[in-house]
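Understanding the architecture of this molecule
Residue-level listing of the chains:
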Amino acid sequence: MLTAEVVAETGCKWFRGGAFKPRTSPYAFQGLAEEGLKILSDARDAFGLRIVTEAVDEPALDLVEKYADVIQIGTRNMQNFSLLKRAGQARKPVLLKRGMSSTLEEFLLAAEYIMSEGNYQVILCERGVRTFGDHSRFTPDLSVIPAAQRLSHLPIVFDPSHSTGNRETVIPMARAAVAAGADGLLVDVHPYPERALCDGPQALLFDMFRDLVAQARAIAEIVKQHSEAHIIGAAVE
Ligand code: PEP
Ligand code: MN
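This structure is a prediction, so every number in the text was calculated from the model and none was measured.

On to the packing of aromatic side chains. Under the counting rule described, the total for this entry stands at 1 aromatic pair. Note on Phe81 and Tyr113: the rings are 4.4 Å apart at their centroids and 25 degrees apart in plane angle, and the pair reads as stacked. Of this pair, Phe81 sits in helix α4 (residues 81-89) while Tyr113 is found in helix α5 (residues 104-115), placing the two residues 32 residues apart along the sequence. The class for Phe81 is partly exposed, based on a relative accessible area of 32%. The exposure class assigned to Tyr113 is partly exposed, which follows from its relative accessible area of 30%. Directly above the aromatic system of Phe138 lies the positively charged group of Arg127, at a separation of 4.1 Å from the ring centroid.

So, about the coordination of the manganese ion (ligand 2). Protein ligation of the manganese ion (ligand 2) involves His162 (NE2) and Asp199 (OD), the donor distances falling in the range 2.0 to 2.1 Å. You can see His162 sitting in helix α7 (residues 160-164) and its partner Asp199 sitting in the loop between β7 (184-185) and α9 (206-236), a full 37 residues away along the chain. Across the pair, Asp199 and His162 agree in class, each one buried.

One pass over the structure, following the stated rule, counts 10 salt bridges. The salt bridge involving Asp188 is made with Arg16; its shortest N-O contact spans 2.8 Å. Of this pair, Asp188 sits in the loop between β7 and α9 while Arg16 sits in strand β1 (residues 14-16), and the two are 172 residues apart along the sequence. A salt bridge links Arg137 to Asp199; its shortest N-O distance comes to 3.6 Å. Here Asp199 lies in the loop between β7 and α9 and Arg137 lies in the loop between β5 (122-126) and α6 (144-151), a separation of 62 residues in the sequence. For Asp199, a relative accessible area of 19% corresponds to the buried category. Several salt bridges share partner residues, and in doing so they unite Glu9, Asp207 and Arg210 into one network.

For the rest of this paragraph, the subject is helix α8 (residues 167-179). An ideal rise of 1.5 Å per residue puts 18 Å on 13 residues; α8 measures up with 19 Å between its terminal C-alpha atoms. By the burial criterion, the buried members of α8 are Arg167, Val170, Ile171, Ala174, Ala177 and Val178. The buried side chains of α8 occupy one side of the element, clustering within an arc of 130 degrees when seen end-on. The N-capping residue of α8, defined by a side-chain oxygen 3.0 Å from the backbone nitrogen of Glu168, is Asn166.

This part is about the site of ligand 1. Taken together, the neighbourhood of ligand 1 is formed by Arg16, Lys21, Pro22, Glu54, Gln72, Gly74, Thr75, Arg76, Lys97, Arg127 and His162. Between ligand 1 and Arg16 there is a distance of 2.5 Å, counted from an oxygen atom to a side-chain nitrogen or oxygen. In the environment of ligand 1, an oxygen atom lies 3.0 Å from a nitrogen or oxygen atom belonging to the side chain of Gln72. Look at ligand 1: alone it shows 300 Å² of surface, and the protein chains cover 96% of it. When grouped by side-chain class, the residues that make up the shell around ligand 1 number 1 nonpolar, 4 polar and 6 charged.

Parameters at a glance
Counting starts from 1 at the beginning of each chain's written sequence and moves along it residue by residue. Whichever chain is written first becomes A and whichever ligand is written first becomes 1, with later ones labelled in order. Only residues with pLDDT of 70 or above have their local features reported here, since the model is predicted, and side-chain atom pairs are shown and tallied only from 80 upward, although totals for entire chains, interfaces and linings are computed over all residues. Excluding hydrogens and water, the side-chain values take into account all heavy atoms of the structure. Think of it this way: a Phe, Tyr or Trp ring, Trp meaning its six-membered ring, pairs with another when their centres are within 6.5 Å, and the plane angle makes it stacked under 30 degrees, edge-to-face over 60, tilted otherwise. A run of DSSP states H or I qualifies as a helix once it reaches four residues; a run of E qualifies as a strand once it reaches two. Both are numbered from the N-terminal end. We call a residue buried when its accessible area falls under 20% of the maximum for its residue type, exposed when it is over 50%, and partly exposed in between, using a 1.4 Å probe and counting protein chains only. Only when the NZ atom of a Lys or the CZ atom of an Arg is both within 6 Å of the ring centre and within 35 degrees of the ring normal do we say a charge sits over the ring. Excluding water, the donors of a metal are its N, O and S neighbours within 2.8 Å, or within 3.2 Å for Na, K and Ca, and that exclusion means sites may look incomplete. What makes a salt bridge here is a side-chain nitrogen of Lys or Arg within 4 Å of a carboxyl oxygen of Asp or Glu, nothing more. For a helix, the expected span equals 1.5 Å multiplied by the number of residues minus one. Picture the helix axis, draw a direction to every C-beta atom, and the arc is the one those directions span. For this analysis, a polar contact is any N or O atom pair within 3.5 Å, provided that within protein one partner can donate a hydrogen and the other can accept it, and provided that sequence-adjacent residues contribute only side-chain to side-chain pairs. Here a residue counts as near a molecule or strand whenever at least one of its heavy atoms sits within 4 Å of it. Method for areas: the Shrake-Rupley scheme with a 1.4 Å probe, in which residue coverage is limited to the protein chains shown. Under the scheme applied here, ten amino acids are nonpolar (Ala, Val, Leu, Ile, Met, Phe, Trp, Tyr, Cys and Pro), four are charged (Asp, Glu, Lys and Arg), and all others, including Gly, are polar.

Below, the structure written as structure tokens:
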């Protein structure tokens, strides 16, 4: 609730929290399930935010569909075709995270699985891919942003938190993604990251988050002005 308050104060409209957590280790915290969805719902009511939350499997999707405004499909499920089809039967937008080793074509075809069931509200999310680099948890592939926009009408957002795994790298990569034309950012924020049950090292502190929102807005404004200039320029020529 503390985080939701700050997110709403910055003017952000969407609030992402995980009630079902896809953890690498079966012994790690797995999320609060329906109890977590109720907390997210309370945050929506208290602060007027829209809720984005992950469904890790089909039973979870049945529940998430009831509580959430946007259904998230995580990187590890990007090619879980039965889950994608089930998300396509939902009548809520789906945030589809790119598989950590998938090509752009595989990513777009995963989106097609959702749309082929009649749900056309898909938001793509780049969250870093596996490379030989070990200075970053994953390697943010910012080149996929303009490439996806060239091939598809779908919006594409960027998650600098899961891509880098490290709070100090989140703001520079988020700035770069907005400059590359990203349609939004998905950022981990926590009031006490050292106490977080999951992903604390990559969570921004509140002041860093406020600073990032201001920087992202300024960069997005420049990108928008220049892309409008190109459109007008092209029309004149
Ligand atoms: C998440 O967004 O909480 C998450 C687990 O991300 P990813 O699926 O990209 O690893
Ligand atoms: Mn996470």
